[in-house]
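Inside the fold
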Amino acid sequence: MVKQLYQNVGRYARLILRRDRIRIPVWLICLIVITIVVVPAFQEMYGTPLERQAIAETMRNPAMIAMVGPSFGLDNYTIGAMMGHQMLLFTAIAVAIMAILLVARHTRADEEAGRIELLRSLPVGRLSNLAAVLLVLFLTYVLLTVLTGFSMYSLGEESMDLAGSLLYGALLGSVGIFFAAVTAFFAQLSESSRGTVGLSFTFLGVAYLVRAIGDVSNETLSMLSPLGWIMHAQVYVNDYWWPVFALVGAAIVIGAIALKLNSTRDLGAGFIAAKPGRSTASAFLQSPLGLNLKLQRTMIIAWLIGMFVLGASYGSVFGDLEAFFAESEMMQQILPPGEGFTLAEQFMTMIMSIMSMVAAIPALLITLKLLAEENKNRTEHLLARAVSRANLMASFLSVALVVGFLSMLLSAFGMWAAAAAVMEDTISLNSALSASAVYLPAIGAMVGLAAFLVGVLPKGAGLTWLYLGYSFIVVYLGNLLQFPEWMATLSPFGNVPQVPLEDFNLTAVTVLSIVAVMLLAAAFRGYRQRDIHG
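Calculation rules
- Residues numbered from 1 in each chain as written.
- Predicted model: local features only at pLDDT ≥ 70, side-chain atom pairs only at ≥ 80, totals over all residues.
- Heavy atoms only, no water.
- Helix = DSSP H or I, 4+ residues; strand = E, 2+ residues; numbered from the N terminus.
- Rg over C-alpha atoms; globule rule 2.2 N^0.38 Å.
- Buried < 20%, exposed > 50% of the residue type's maximum accessible area, 1.4 Å probe, protein only.
- Contact = heavy atoms within 4.5 Å.
- Areas by Shrake-Rupley, 256 points an atom, 1.4 Å probe, with all protein chains shown as cover.
- Lys, Arg positive; Asp, Glu negative; His and termini not counted.
- Charge placed at Lys NZ, Arg CZ, Asp CG, Glu CD.
- Patch = residues over 30% accessible without salt bridge, like charges linked within 9 Å, V, L, I, M, F, W, Y side chains within 5 Å.
- Salt bridge = Lys/Arg side-chain N within 4 Å of Asp/Glu carboxyl O.
- Axes fitted to C-alpha atoms, helices over the stretch in contact; angles between N-to-C directions.
- Parallel < 35°, antiparallel > 145°, perpendicular 65-115°, else oblique.
- Left-handed = near helix turned anticlockwise from the far one by under 90°.
- Nonpolar A, V, L, I, M, F, W, Y, C, P; charged D, E, K, R; others polar.
- Expected span 1.5 Å × (residues − 1).
- Phe/Tyr/Trp six-rings, centres within 6.5 Å; stacked < 30°, edge-to-face > 60°.

An unreviewed UniProt entry annotates the protein as Exporter of polyketide antibiotics-like protein of Dethiobacter alkaliphilus AHT 1.

Below is the structure:
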């Protein structure tokens, strides 16, 4: 009986590996490269024990503890301890995102597209799909563990021995295995890939917030979060391995529950049933715009709330900013130069560039949803009615632009509101909104690029995410890693004037707006002329 449930798991796993033969290596290379390039940067900035102890004292700040986790080994703050303290958490979040996207793609997304039904018509077991997905992700994260561990050890940093480096890699791998199991579990609860991804990202966000609050105020609360566990490994300080075993053990339990739920539910069904809709639709709902808003309203509301909370979380650290950043050489290198301006204003401009790229994510998701609907054969049903292609594309792009702009402005408002609560001499609301508004053309350019690829080169639409990732690295880490300035100018976010540190550059904003309009115009033209696929 058991053999029948898992029949041809190995062949199923090979099929998944073939489909992701580019996607998985790109993820692994990006994660490993971003991890190891930081070590030489730390060695250059903090080359002496005195410089390292200076930065160690600033890590006792509650704001930094909330952002990067509790500090260990501050009495002897080596490069290894700095990596484990300042880089591990953010890299682990990227690993968790990778797990969520890959598992959702091969479970609920394949189920919605009818691929699993097709494959089940072949001699494969009922649980072969989910078991193969978990097997592939497990092997992927074992490979990430080994490659990361030996890559970091090969850098030759004295404080980064082989045992600590392997533990660092194992912590990243175990986080990936844990969130793969969690996403597999949510894939059984939700009836759609959108719901699966939403529940998984909500879990990740709650885990981060619980860890942040617990690290500052109550360690017991922090230990309820899987992200809190990995920080207590004290990598390169005491090298505790129990978080790795705890995460893998929890993943095995959650994965077993997911398999059990998968064996008892019908294909296409979920344990959280969707609410039945009304028997009749309003006139607005019968329009492409109304249908689009109806389908994506949960995601839109979640992103808008999330962006406000993100901005508020950044704003909450403004109270201790001057005292902290005055002693942080690393943050001073990341911060843009600004004589005559406070560190709070300099920090605000850096935060705006980050939040603008995060605000572009929901806008891109909505834009690329147009292509996803086409791949699921739903677009042809709309176009068979009195709906033009231009009307259909306009409904998606208008929602994408509005959501992107609102996300940016809400994050700025949240940052200002939280900063006003903790600062005596706070920044003005007008200054915060002005600093955020200059990024709207850059978000528009990103939406224009995604729309252009959907309309003209749909197979290359995924390049949009690669370009956004490139923008984040060169704009946010460009100063820290000392990249050439021209690399930042290749991104729309690298051409935005950093208001209020710089004067408002009308030419740059106008050029970005024109580029966005031209890309959107080309997208409409291409979408009208190409064939609709399904």
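1. So, the overall build of the protein
In terms of regular secondary structure, the protein is built from 27 helices and zero strands. In terms of C-alpha radius of gyration, the protein reaches 24 Å, essentially the compact-globule figure of 24 Å for 534 residues. Once the C-alpha set of the protein is aligned to its principal axes, its extents read approximately 70 × 60 × 40 Å. For the protein, with 534 residues in total, the buried portion stands at 49%. In the protein, the proportion of contacts linking residues at least 24 apart, taken out of those at least 6 apart, comes to 76%. Approximately 24,100 Å² of the protein is accessible, and the part contributed by carbon and sulfur atoms is 65%. Each charge sign in the protein was given a centre, from 31 positive and 32 negative side chains, and these centres are 24 Å apart.

2. Some remarks on a positive patch on the surface
On the surface, a cluster of positive charge is contributed by Lys-275, Arg-278, Lys-294 and Arg-297. For Lys-294, a relative accessible area of 41% corresponds to the partly exposed category.

3. Side note on the packing of helix α10 (residues 128-153) against helix α11 (residues 162-189)
At a closest axis distance of 7 Å, the pairing of α10 and α11 adopts a crossing angle of 160°. What the angle tells us is that α10 and α11 run roughly antiparallel. Crossing handedness for the pair α10 and α11: right-handed. Class assignment of the residues belonging to the contact of α10 with α11 gives a composition of 18 nonpolar, eight polar and no charged.

4. Observations concerning helix α3 (residues 23-45)
Compared with an ideal rise of 1.5 Å per residue, which puts 23 residues at 33 Å, α3 spans 34 Å between its outermost C-alpha atoms and is within 8% of the ideal. Listed in full, the buried residues belonging to α3 are Ile-24, Leu-28, Leu-31, Ile-32, Thr-35, Val-38, Val-39, Ala-41, Phe-42 and Met-45.

5. Thoughts on the packing of aromatic side chains
Considering all chains together, one arrives at nine aromatic pairs under this definition. Between Phe-185 and Phe-186, the ring centres sit 5.6 Å apart and the planes meet at 55°, which makes this aromatic pair tilted. A relative accessible area of 12% places Phe-186 in the buried class. Here the aromatic rings of Phe-413 and Trp-416 are separated by 5.8 Å at their centres, their planes lie at 35°, and the arrangement is tilted. Of this pair, Phe-413 and Trp-416 both sit in helix α21 (residues 389-422), separated by three residues, roughly a single helical turn. Residue Phe-413 is classed as partly exposed on the basis of its relative accessible area of 36%. Owing to a relative accessible area of 22%, Trp-416 belongs among the partly exposed residues under this scheme. Ring-pair connections join several aromatic residues into one group, and the members of that group are Phe-178, Phe-179, Phe-185, Phe-186 and Phe-203.

6. Notes on the packing of α3 against helix α6 (residues 79-86)
Taken N-terminus to C-terminus, the directions of α3 and α6 make an angle of 130°; their axes are 10 Å apart at the nearest point. As judged from the angle between their axes, α3 and α6 are oblique. Where α3 crosses over α6, the handedness of that crossing is right-handed. Here Thr-35, Val-38, Val-39, Phe-42 and Gln-43 of α3 lie close against α6, whose contacting residues are Ile-79, Met-82, Met-83 and Gln-86.

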